[in-house]
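So you can see what is in the structure, the chains are spelled out below.
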Amino acid sequence: MYPFTDQFMSNDKNVEFLKATMMGPNAMRLSEELSSRLNINDSMRILDLGCGRGLSTMFLVKKYGASVFAADLWISPTENYRRFKSLGIDGEAMPISVDATKGLPFANGYFDLLFTVDAYHYFGNTAGMLPSLIPLVKEGGYIAVAIPGIKYEFGENVPDEMKPFWNDEMARTIHSLAWWENLWSKAGGIKIVDIREMNCCKQAWAEWLASPDPHAKEDVKMMEAENGQYFNFIQMIALKQGI
Ligand SMILES: C[S@@+](CC[C@H](N)C(=O)[O-])C[C@H]1O[C@@H](n2cnc3c(N)ncnc32)[C@H](O)[C@@H]1O
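Residues numbered from 1 in each chain as written. Predicted model: local features only at pLDDT ≥ 70, side-chain atom pairs only at ≥ 80, totals over all residues.

Remarks on the nonpolar core
Counting 59 residues, the largest nonpolar core has Leu30, Ile46, Leu114 and Ile143 as the members making the most contacts within it. The element that contributes the greatest number of residues to this core is strand S5 (residues 137-150), accounting for seven residues. Filtering out sequence-adjacent residues up to four positions away, Leu114 remains in contact with Leu47, Leu49, Leu133, Leu136, Val137 and Ile143. (Core = buried A, V, L, I, M, F, W, Y, C linked by C-beta atoms within 7 Å. Buried ≥ 20, exposed ≤ 12 C-beta atoms within 10 Å, placed from the backbone. Helix = DSSP H or I, 4+ residues; strand = E, 2+ residues; numbered from the N terminus. Contact = placed C-beta atoms within 7 Å.)

See below:
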């Protein structure tokens with residue numbers, strides 16, 4: 001199911017590159033599972049929203065030859081441009097600085113696909129966000145999201161072993177599949193065509209926890225306590241419909 005990622009990671013130098021570039025569970029593997037439900041090709045223009053250091057962008061360019069706008073808040077476009085140049089993908093990957101909550105500088109109907117991996121939960125959990133993004137995608141195009149989630153809403157009943165790690169920011173951003181489905185079902189102009197727990201959750205997390213990044217080191221204890229009981233990864237794909 002992950003031929004590109006497995007092939008990439010069969011090379012030790014590539015594994016070191018990934019460890020140094022990941023910002024969370026392996027975005028390349030998550031991108032490959034999410035994209036396996038889409039028909040991406042080299043004529044497509046894609047918005048990779050919340051691309052971080054651009055692993056998903058690199059995947060979309062290298063695997064499919066697509067043109068990708070690599071848009072992010074925390075990582076500077078200059079850093080991403082340098083990386084894209086060193087990877088030889090600066091012709092197809094356009095780095096740009098955005099804050100999705102403040103509006104995006106693109107024409108309506110510009111993108112064949114809005115793709116977002118391990119980022120949408122930070123800004124997409126309001127009733128207004130999806131309706132603000134839908135116009136950017138052309139009719140017949142798709143919005144595809146992969147985000148960390150939980151198997152059920154904790155509400156006030158946070159499991160004891162998760163209490164040391166569960167904070168207001170997690171409560172705001174981490175939700176169940178049913179919660180996201182309910183939020184997306186309220187948006188007009190789209191049809192949800194795929195919503196599921198992702199298969200690569202455990203592996204993508206394990207690959208991240210092997211990174212020397214201090215955030216990964218902090219996550220090790222949380223994942224030991226969680227022990228496969230509560231977390232999942234959720235993917236959602238919506239088709240932009242005609243009006
Ligand atoms: C955990 S990192 C993941 C980055 C990358 N997608 C990956 O998986 O490696 C979350 C990303 O979400 C981005 N992000 C958070 N809030 C955002 C916003 N309001 N607009 C755009 N990007 C945002 C951050 O800049 C960050 O790079």
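Considering the site of the ligand
What surrounds the ligand is a group of 22 residues, the closest being Ala27, Gly50, Gly52, Trp74 and Ala119. When contributions to the shell around the ligand are tallied by element, the ones reaching two or more residues are helix H4 (55-64) and helix H6 (120-123). (Near = placed C-beta within 6 Å.)

Examining helix H11 (residues 214-226)
Look at H11: 19 Å from first C-alpha to last across 13 residues, which is about the 18 Å you get at 1.5 Å a residue. Largest kink in H11: about 25°, centred on Val220. Count one or two residues on from H11 and you reach Asn227, which has phi positive near 50°. (Expected span 1.5 Å × (residues − 1). Bend = angle between axes of the 7 residues up to and from the residue.)

Some remarks on the environment of Ile134
Along the polypeptide, Ile134 turns up in the loop between helix H7 (129-133) and S5. In sequence terms Ile134 and Gly52 are 82 residues apart; their C-alpha atoms lie 21 Å from each other. What Ile134 contacts, discounting residues up to four positions off in sequence, is Ala187, Gly189, Ile190 and Lys240.

Looking at the environment of Ile143
By the element assignment, Ile143 lies in strand S5. Linking Ile143 and Leu113, residues 30 residues apart in sequence, is a C-alpha distance of 5.7 Å. Among all residues touching Ile143, those that are not within four sequence positions of it are Leu114, Leu133, Val137, Ile190, Ala238 and Lys240.

Observations regarding the packing of helix H10 (residues 201-209) against H11
At a minimum axis separation of 9 Å, H10 and H11 run at an interaxial angle of 135°. With respect to H11, the element H10 is oriented oblique. Along the contact surface, H10 presents Trp205, Trp208 and Leu209, while H11 presents Ala216, Asp219, Val220 and Met223. Residue composition of the contact of H10 with H11, grouped by class: six nonpolar, no polar and one charged. (Axes fitted to C-alpha atoms, helices over the stretch in contact; angles between N-to-C directions. Parallel < 35°, antiparallel > 145°, perpendicular 65-115°, else oblique. Nonpolar A, V, L, I, M, F, W, Y, C, P; charged D, E, K, R; others polar.)

Examining the pairing of S5
In terms of burial, S5 is a largely internal element, eleven of the 14 residues being buried. Examined bridge by bridge, strand S4 (residues 111-117) and S5 share six bridges and lie parallel to one another. Paired with Phe115 across the strands is Ala144, a residue of S5. In this sheet, strand S7 (residues 231-240) lies alongside S5 in antiparallel orientation, the contact comprising nine bridges. If you follow Ile147 over to S7, its bridge partner there is Ile234. (Pairing = 2+ DSSP bridges.)

Observations regarding unusual backbone geometry
If you check the backbone angles, Asp118 has positive phi at about 55° while not being a glycine. Counting through the fold element by element, Asp118 comes out in the loop between S4 and H6. Among the residues examined, Asp118 registers 26 C-beta atoms within 10 Å and is labelled buried. Here the phi dihedral of Asn227 falls at roughly 50°; this positive angle occurs in a residue that is not glycine. Its location among the elements puts Asn227 in the loop between H11 and S7.

The quantities given are spatial measurements derived from coordinates; they are silent on function.
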